[in-house]
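Here is what each chain is made of, one letter per residue.
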Amino acid sequence: MAAVPSSRTADWWRDAAIYQVYPRSFADGDGDGTGDLAGVRTRLPYLAELGVDAVWFTPWYLSPLVDGGYDVADYRTIDPAFGTLEEAEKLISEAADLGIRVIIDIVPNHVSDQHAWFQAALAAGPGSPERELFHFRPGRGEHGELPPNDWPSQFAGTTWTRVPDGEWYLHLFTPEQPDLNWAHPAVRREHEDVLRFWFERGVAGVRIDSAALPAKHPQLPDFVEGVDPHPYIDQDELHDIYRSWRALADEYGGVFVGEVWLPDAERFARYLRPDELHTAFNFNFLACPWDAGRLRRTIDDTLAEHAPVGAPATWVLCNHDVTRTVTRYGRADTAFDFATKAFGTPTDPALGTRRARAAALLTLALPGSVYLYQGEELGLPEAEIPLTRIQDPMHFRSGGIDPGRDGCRVPLPWTADAPAYGFGPAGEPWLPQPDDWARYAVDRQSARPDSMLSLYRTALRLRRSVAGFGDGPMSWLPAADGVLAFTRPHGLICVVNLADRPAELPAHGQLLLSSGPLDADGRLPSDTAVWLRA
Ligand code: BGC
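Computed from a predicted model, the values in this text were never measured in an experiment.

Trainee: For this particular structure, what's the right way to read the overall build of the chain?
Mentor: The secondary structure content of the chain amounts to 14 helices and 18 strands. Dimensions of the chain, computed from the C-alpha atoms along their principal axes, are close to 80 × 50 × 45 Å. Of all intrachain contacts in the chain linking residues separated by at least 6 positions in sequence, the fraction that spans at least 24 positions is 66%. Of the accessible surface of the chain, which amounts to about 20,200 Å², a share of 54% is contributed by carbon and sulfur atoms.

Here it is, written out as structure tokens:
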């Protein structure tokens, strides 16, 4: 008998397919050009038909949107551009009725400079208890005119801004995102309250933004990369914080996924110990070039680093921070690198699409849970944003060198022949959609069995209904150079051909799905993947 997929049980997170909604760009219900919760609610049936188990919403809270909502002014209020708390509650319960769980995004490292705490800290002045919630320091130099230390920002530039009374405050990201002081008990209490607030409203999980950054060395020392111990990445104190979060989540059956980007496998796995986070994003897979040997090593390393702590791996090909998969895989050098992200780097969309289709079958066949970013199921390429419309602070803070992340955040095309491709009832979308996006629209793709959307729908349906996918073992099969072939339980086989010549498929396999047609001799062409059952 087929095993019950764990997506239906308390362990759903061990093999869930989770869809990332960037609310600003998913669907616009009120026609103001910005996506919103009303828009999401009308499209929940689309997500149910796609076959996802959960939706992760990037921040939807009150925010000046300086960094796309990762600058939170109030966690208990939905930004009016997106809707109201009441609508969020309705959305959570309507999604649950369709079998879809909701995951929210919490940003512990920093708040918006408009947050009440930061406004109070500015008003209260040096030495006040209000300032202790942040990292305020006097400057260096004769008149305090130099920043308190030499830390570079995660977004180019300095990490310190001076306020009129002469003190400086720390911000690892933009000046509008002051870092919280996690050594302060009120900061911990507040976040635990925020978690309860949302778990009590029925959310099933929480994505933790920049999860390895919030704790800082108490002296905020200068450091030389590669020489000194890092003063803010991966500090030991974080584990105590996440253990208390886990105890709280367990009261509600809630789960965590951490945004933990650490090169050291052993340090990474510490976050996934049984009393800490349930899962963490596996960015090494996303960052890996389209190369069989390197992908195989990345998959092996990922599984090996998760095994000792018993946590399932997560697989992700793209998100709101990186160049879209089709564009990345269409480049001769597919390595993830913010520098090669510059527009004008030649990309071959047909090649990128073929590889993205094959990568989808590879990803969905691996053991663990998988994240899809809105528009990935439509095969959207990275859009080129005219300079005058760019919004991402990353672009501005790099002095215009980095194109920023807007190209992967463009509003979705739903209806080929409607204004703004049906993104909303009217109104110019907040980011311009390319002129040739009608072909990616959901209605066009729904009608075509060979579309990216049809591939994702079929693949997700099979992943749910056929035993052997999701959590569990995998083993590599012998394969030609440049070919990845592995088995999963119940006779499932996945073969991906990354070589530049056709590959033989195992004899006697029943074809469940392929990312493209086989050749006349029944062989698997380059950049194509299949699922078989032995
Ligand atoms: C989010 C980014 C955001 C940054 C600062 C990240 O890792 O995914 O979109 O800009 O954290 O909050």
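From this point on, the discussion continues.
Trainee: Looking at this structure, how should I read unusual backbone geometry?
Mentor: Generally, phi is negative for residues other than glycine and the peptide bonds are trans, each holding for most cases. The residue leucine 65 is not glycine, and still its phi comes out positive at about 55°. By secondary structure assignment, the location of leucine 65 is in the loop between β3 (61–62) and β4 (74–78). Classification of leucine 65 as buried rests on a relative accessible area of 19%. Here histidine 490, not a glycine, exhibits a phi torsion of approximately 60°, which is positive. Within the fold, histidine 490 resides in the loop between β15 (483–488) and β16 (492–497).

Trainee: I tried to follow the packing of aromatic side chains on my own but got confused; where do I start?
Mentor: To describe a pair of aromatic rings, one takes the distance between the centres and the angle between the planes. Enumeration over the complete set of coordinates arrives at 30 aromatic pairs. Seen from their ring centres, phenylalanine 281 and tyrosine 371 are 4.7 Å apart, and the 70° between their planes marks the pair as edge-to-face. Pair noted here: phenylalanine 281 is in the loop between β11 (279–280) and α8 (283–287) and tyrosine 371 is in strand β13 (residues 369–373), with a separation of 90 residues, a long-range link. Using a relative accessible area of 4% as the deciding quantity, one classes tyrosine 371 as buried. Through pairs of rings, three or more aromatic residues link up here, namely Trp182, Phe199, Tyr242, Trp245, Tyr252, Phe256 and Tyr271. Geometry around phenylalanine 197 places arginine 201 over its ring, the cationic atom sitting 3.8 Å from the centre. A cation sits over an aromatic face here: arginine 328 above tyrosine 329, 5.5 Å from the ring centre.

Trainee: What am I meant to see in the pattern of salt bridges here?
Mentor: Between side chains of opposite charge, a pair can form as their charged atoms come close. Under the criterion given, the structure shown has 35 salt bridges. Across the pair arginine 267 and aspartate 236 runs a salt bridge, and its minimum N-O distance is 2.9 Å. Taken as a pair, arginine 267 in helix α7 (residues 265–270) and aspartate 236 in the loop between β9 (205–208) and α6 (237–252) lie far apart in primary sequence, 31 residues in all. The salt bridge involving aspartate 417 is made with arginine 444; its shortest N-O contact spans 3.6 Å.

Trainee: Hey, could you run me through the site of the ligand in this one?
Mentor: Asp67, Asp209, Glu259, His320 and Asp321 are the nearest of the 13 residues found near the ligand. One nitrogen or oxygen atom from the side chain of histidine 320 is found 2.9 Å from an oxygen atom belonging to the ligand. Between the ligand and aspartate 321, the relevant distance is 2.5 Å, taken from an oxygen atom to a side-chain nitrogen or oxygen of the residue. Coverage of the ligand by the protein amounts to 95% of the 300 Å² it exposes when considered alone. Along the lines of polarity and charge, the residues of the shell around the ligand split into 3 nonpolar, 3 polar and 7 charged.

What counts, and at which threshold
Residues numbered from 1 in each chain as written. Predicted model: local features only at pLDDT ≥ 70, side-chain atom pairs only at ≥ 80, totals over all residues. Heavy atoms only, no water. Helix = DSSP H or I, 4+ residues; strand = E, 2+ residues; numbered from the N terminus. Contact = heavy atoms within 4.5 Å. Areas by Shrake-Rupley, 256 points an atom, 1.4 Å probe, with all protein chains shown as cover. Buried < 20%, exposed > 50% of the residue type's maximum accessible area, 1.4 Å probe, protein only. Phe/Tyr/Trp six-rings, centres within 6.5 Å; stacked < 30°, edge-to-face > 60°. Lys NZ or Arg CZ within 6 Å of the ring centre and 35° of its normal. Salt bridge = Lys/Arg side-chain N within 4 Å of Asp/Glu carboxyl O. Near = heavy atom within 4 Å. Polar contact = N/O pair within 3.5 Å; in protein donor to acceptor, adjacent residues only side chain to side chain. Nonpolar A, V, L, I, M, F, W, Y, C, P; charged D, E, K, R; others polar.

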